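This is what each chain is made of:
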Amino acid sequence: MNRIRCITFDLDDTLWSCQPVITEAERRFHGWLLERFPFLTQHYPDLDTLIAHRSECYQRHPSLHHDMTLLRKRWLEELAVRHALGDAWIEEGFRVFWLARNEVELYPEARQVLEGLKSHFIIGAITNGNADVRHIGVDHYFDFVLTSAESGVAKPDPGIFFLALKKAGVKAHECLHVGDNLETDIQGARACGIHAVWVNADSHTHEKTRMADAVVRHVGELPQVLHLDGVWSAAH
Ligand SMILES: [Mg+2]
């Protein structure tokens, strides 16, 4: 790994905790929806019934899974048709979710590491989600951000990784991807010849672990990995 020029990061659950934020965003949207259309309470009395409807809709649209924004709006359109809600509320309803979904808190160690790496490497973000680094206020850490919506395909599709290499102007062996998902991040990157570090926060054991060049518990351990491989000192 001693010729690394670019480091790309997955965002959700790699640089910040995501699931509690998504759950809260769903909860806030549910509350907003019932306030706007009180009669929907009989159909979606609790969050679970609403999420069940969303999940069922998402399953019917696999071709949109690379674009979480489009997918959610499609669901809202279906809700509108199903309950004759009109469509004037859709953009606002989406924004209620989106604003809450972007209320993420960067892990303290992530901030420190990104700060340290950015003057030595090209830093990118590759995400399958619709987090907005600019809105979150962390865009200054990244030279580029690549979303699956923009790419037209989601990780682990090689297309998104090759597009990242093109954006960075580096070859696969000069790039290191860091992420928490073994399939989308690690397997995806390795299939393209990109180095990969698995963020294994819960110390899971898995046979696919072997695919990663290194395993860390959090991104704060990344400089240590780079030091060990001589990448960090080479970059200095
Ligand atoms: Mg992730």
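Each value, and the rule that gives it
Residues numbered from 1 in each chain as written. Predicted model: local features only at pLDDT ≥ 70, side-chain atom pairs only at ≥ 80, totals over all residues. Heavy atoms only, no water. Core = buried A, V, L, I, M, F, W, Y, C linked by side-chain atoms within 4.5 Å. Buried < 20%, exposed > 50% of the residue type's maximum accessible area, 1.4 Å probe, protein only. Helix = DSSP H or I, 4+ residues; strand = E, 2+ residues; numbered from the N terminus. Contact = heavy atoms within 4.5 Å. Expected span 1.5 Å × (residues − 1). Domains from an automatic or database assignment. Buried area = accessible area lost by both parts, 1.4 Å probe. Phe/Tyr/Trp six-rings, centres within 6.5 Å; stacked < 30°, edge-to-face > 60°. Lys NZ or Arg CZ within 6 Å of the ring centre and 35° of its normal.

(A) Structural context of the nonpolar core. The biggest cluster of nonpolar side chains holds 32 residues, and the ones touching the most others in it are Ile-7, Phe-9, Leu-15, Trp-16, Leu-117, Phe-142 and Val-178. Looking at this core, the elements with two or more residues in it are strand 1 (6-9), helix 5 (108-117), strand 2 (122-127), helix 6 (133-136), strand 4 (175-179), strand 5 (195-199), strand 6 (214-216) and helix 10 (222-228). The element best represented in this core is helix 5, accounting for four residues. For Val-178, the residues in contact, after removing those within four places along its chain, are Ile-7, Thr-8, Phe-9, Asp-10, Thr-14, Val-197, Val-199, Val-219 and Leu-222. Formed by 27 residues, the second largest nonpolar core is a distinct cluster that contains Trp-32, Leu-34, Leu-76 and Trp-89.

(B) Fine view of helix 1 (residues 19-36). Given a rise of 1.5 Å per residue, 18 residues ought to cover 26 Å, and the 26 Å separating the end C-alpha atoms of helix 1 matches this to within 8%. Within helix 1, the full set of buried residues consists of Val-21, Ile-22, Ala-25, Glu-26, Phe-29, His-30, Trp-32, Leu-33 and Leu-34. On the buried face of helix 1, the contacting elements are helix 2 (47-59), helix 3 (68-83) and helix 4 (90-101).

(C) Seen up close, unusual backbone geometry. With an omega of 15°, the peptide bond running from Lys-155 to Pro-156 counts as cis. Here Pro-156 shows up in the loop between helix 7 (148-151) and helix 8 (158-168). The residue Ala-84 is not glycine, and still its phi comes out positive at about 50°. Looking at the element boundaries, Ala-84 is found in the loop between helix 3 and helix 4. Given a relative accessible area of 70%, Ala-84 falls into the exposed group.

(D) Local environment of the domain arrangement of the chain. For the chain, the assigned domains are domain 1 (6-17 + 105-235) and domain 2 (19-101). Look at where the C-alpha atoms of domain 1 and domain 2 centre, and you get two points 30 Å apart. Taken together, the 14 residues of domain 1 in the interface contact 11 residues of domain 2. Of the roughly 990 Å² buried between domain 1 and domain 2 on both sides combined, carbon and sulfur atoms contribute 47%.

(E) Highlighting the packing of aromatic side chains. A complete count under the given rule lists four aromatic pairs for this structure. Ring geometry for Phe-29 and Trp-32: centres 6.1 Å apart, planes at 25°, overall stacked. A residue pair is termed a helical-turn pair when its members lie 3 or 4 positions apart in one helix, as Phe-29 and Trp-32 do in helix 1 at three residues. The exposure class of Phe-29 is buried, given its relative accessible area of 1%. Trp-32 sits in the buried class, given a relative accessible area of 16%. Seen in terms of ring centroids, Trp-32 and Trp-89 are 6.3 Å apart; in terms of plane orientation they differ by 35°. Their pairing is tilted. Of this pair, Trp-32 sits in helix 1 while Trp-89 sits in the loop between helix 3 and helix 4, and the two are 57 residues apart along the sequence. Summarising the burial analysis for this pair, Trp-32 and Trp-89 share the class buried. Through pairs of rings, three or more aromatic residues link up here, namely Phe-29, Trp-32, Phe-37, Trp-75 and Trp-89. Directly above the aromatic system of Phe-97 lies the positively charged group of Arg-72, at a separation of 3.4 Å from the ring centroid.

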